[in-house]
Amino acid sequence: MIEEPIEEPINADPTYQPLIDAERAAAADAAEDNKGRGVLRFYDLAKKQEWQVRDMPWGEIPPFPETRMGASPERKERRQAVWRSVITQQLQADELAVMMAGQLLNMAPHPEARLYYSTMVQDEARHVEAWLKLASEAGGVAERDPHLDRLVDLTMHAETIEEKVFQMQVFFERLIIPRFRLIARSSRGTVLEDLCNRLTIDDGIHHSSGVAYERILLEGASKKTKDRLIKAANQLLPIFVEHALWRPKERAWIGDVMRETDIRRLQEDVKDGIRMAASLGLDVSDVQLPFAA
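The shown structure was predicted, so the numbers you read here are calculated from the model rather than taken from an experiment. Once a new chain begins, its residue numbering starts again from 1 and follows that chain's sequence as written. pLDDT decides what is reported in this predicted model: residues at 70 or higher carry local features, side-chain atom pairs at 80 or more are listed and counted, and totals for whole chains, interfaces and linings draw on all residues regardless. Side-chain numbers come from the whole structure's heavy atoms, not from hydrogens or water.

Trainee: Quick question: what am I supposed to make of the overall build of the protein chain here?
Mentor: The helix count covers DSSP runs of H or I at least four residues long, the strand count covers runs of E at least two residues long, and both are numbered beginning at the N terminus. When its secondary structure is counted, the protein chain shows 9 helices and 0 strands. Beginning at the N terminus, the succession of helices and strands in the protein chain can be written as α-α-α-α-α-α-α-α-α. A compact globule built from 293 residues would reach a C-alpha radius of gyration of about 19 Å, and the protein chain, at 19 Å, matches this within 12%. In terms of principal-axis extent, the alpha carbons of the protein chain reach across some 65 × 40 × 30 Å. Per-residue accessibility, obtained with a 1.4 Å probe over protein chains only, is compared with the maximum for each type, and a residue is labelled buried under 20%, exposed over 50%, and partly exposed between these values. Looking at the 293 residues of the protein chain, the share that counts as buried comes to 55%. For the protein chain, long-range pairs separated by at least 24 residues make up 81% of all intrachain contacts whose partners lie at least 6 apart in sequence. The protein chains shown are the only cover counted for residues, whose accessible areas, like all others here, come from Shrake-Rupley with a 1.4 Å probe. With the model as given, the accessible surface of the protein chain reaches about 13800 Å², and the carbon-plus-sulfur share is 52%. Positive residues here are Lys and Arg, negative ones are Asp and Glu, while His and the chain termini are left out of the count. A charged residue contributes its charge at one atom only: NZ of Lys, CZ of Arg, CG of Asp or CD of Glu. Here the protein chain contributes 39 positively and 49 negatively charged side chains, and the mean placements of these two sets differ by 1 Å. Every radius of gyration here is taken over C-alpha atoms, with the globule rule written as 2.2 Å times N^0.38, N being the number of residues. Whether two residues are in contact is decided by their heavy atoms: any pair within 4.5 Å suffices.

So, in structure tokens, the structure goes:
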């Protein structure tokens, strides 16, 4: 069973010091009214943090947690099916993230942002490559999350870059980080743990760069554009609730056991997103909260 994660700040681990430093420097840049330089700091950091799929310990350690010695073939298959479904959901998310990153690269009007998004497209493509290799090790792919497809479809068809950056980088990239930590803690000593640790760093950079860039975009945005972000949030939140509570058939029993925890975590995620929106100067009074979050 996947263990319940211990709640912790996004950058609690000391290995994130380069990201912490970049965030602090970007905040100082913003205070000096030089937000573009802040975005470039994440471009430089992304280049330094780049890794290759071939660098991972393939063949040196198990790809994902193995069943104990002596377990029946049926038990081994059930356990492998659980991890196959976990890997499939992350593969699905990063396949969609590649398309979103490509959209942002094409739409960004600022040269600093275009430089950054060139690294983000490469990151997401590398993530897909790694997940595909892990999925092959697990025997293929499993059931897709239909609610995630709907969320991404709405984001892909959003009309403004302000909406796309907020939804993908500010909101979704922030939420995936504790999920990667949860998977890593539940798969010690495996390639899966190694990958999730790498993605925690990458997506931390994606999130922080998105916050820095959204500040630039909203600085000159009209009230109409800002209102669109709130309207889009009210469209997304009900689907996000369905996504957060959904489990494929291989992990349906986990959903039953974890429902109360899932709802509590969902409430915290939504509150965190609202706080982030307010910090960007958005009027969040019209956001419709699910589960009385």
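Moving on from the coordinates now.
Trainee: Mind showing me how you'd approach helix α4 (residues 111–137) here?
Mentor: Note on helix geometry: an α-helix contains 3.6 residues per turn, so any two residues three or four positions apart are oriented the same way. For α4, spanning 27 residues, the distance from its first C-alpha to its last is 40 Å, which sits close to the expected 39 Å at 1.5 Å a residue. Looking one or two places after α4, you find G139, whose phi comes out positive at around 100 degrees. In a helix, the anticipated span is given by 1.5 Å times the number of residues less one.

Trainee: So what exactly am I meant to see when it comes to helix α7 (residues 191–219) here?
Mentor: Between its first and last C-alpha, α7 extends 42 Å over 29 residues, near the 42 Å set by a 1.5 Å rise per residue. Counting buried residues in α7 gives 24 out of 29 residues, a clear majority hidden from the surface.

Trainee: Would you mind showing me how to read the packing of aromatic side chains here?
Mentor: Each aromatic ring pair is specified by the distance between its two centres and by the angle formed by the two planes. Centre distance within 6.5 Å is the pairing criterion for rings of Phe, Tyr and Trp, where only the six-membered ring of Trp is used; planes under 30 degrees apart are then read as stacked, over 60 as edge-to-face, and the remainder as tilted. All told, the structure shown has 5 aromatic pairs when counted by the stated rule. Ring geometry for Y116 versus Y117: centroids 5.7 Å apart, planes at 65 degrees, classification edge-to-face. Each member of the pair, Y116 as well as Y117, carries the same accessibility label: buried. Residues F171 and F240 carry aromatic rings whose centres are separated by 5.3 Å and whose planes lie at 65 degrees to one another, so their mutual orientation is edge-to-face. In this pair, F171 is assigned in helix α6 (residues 161–185) and F240 in helix α8 (residues 223–245), connecting sequence segments 69 residues apart. Of the two residues, F171 and F240, both sit in the buried class. Ring pairing ties together the aromatic residues Y116, Y117 and Y213, which thus form one cluster.

Trainee: In this structure, what is going on with the nonpolar core? I would like to understand it.
Mentor: Taken as a class, soluble globular proteins show a tendency for nonpolar side chains to be buried jointly. Buried Ala, Val, Leu, Ile, Met, Phe, Trp, Tyr and Cys residues that are joined via side-chain atoms within 4.5 Å together make up what is termed a nonpolar core. F42, Y116, Y117, I161, V165, I205 and Y213 are the most contacted members of the largest nonpolar core, which totals 29 residues. Mapped onto this core, the elements with two or more residues apiece are α1 (17–31), α2 (35–49), α3 (73–107), α4, α5 (146–156), α6 and α7. In terms of nonpolar packing, the next biggest core, distinct from the first, is built from 25 residues, V86, I176, F180 and A184 among them.

Trainee: So what exactly am I meant to see when it comes to the packing of α3 against α5 here?
Mentor: A pair of packed helices is characterised by two quantities: the angle between their axes and the separation of those axes. Interaxial distance between α3 and α5 falls to 11 Å at its minimum, and their mutual angle equals 5 degrees. Viewed along their axes, α3 and α5 adopt a mutual orientation that is roughly parallel. Residue-level inspection shows Q89, Q92, A93, L96, M99, M100 and Q103 of α3 in contact with α5, the latter providing L148, D149, V152, T155 and M156. The residue classification treats Ala, Val, Leu, Ile, Met, Phe, Trp, Tyr, Cys and Pro as nonpolar and Asp, Glu, Lys and Arg as charged. All others, Gly included, are polar. For the contact of α3 with α5, the class distribution of residues is 7 nonpolar, 4 polar and 1 charged. To get an axis, a line is fitted to the C-alpha atoms, and for a helix only the part in contact is used. The angle between two axes follows their N-to-C directions and goes from 0 to 180 degrees. Angles are sorted into four bins: roughly parallel if under 35 degrees, roughly antiparallel if over 145, roughly perpendicular if 65 to 115, and oblique for all others.

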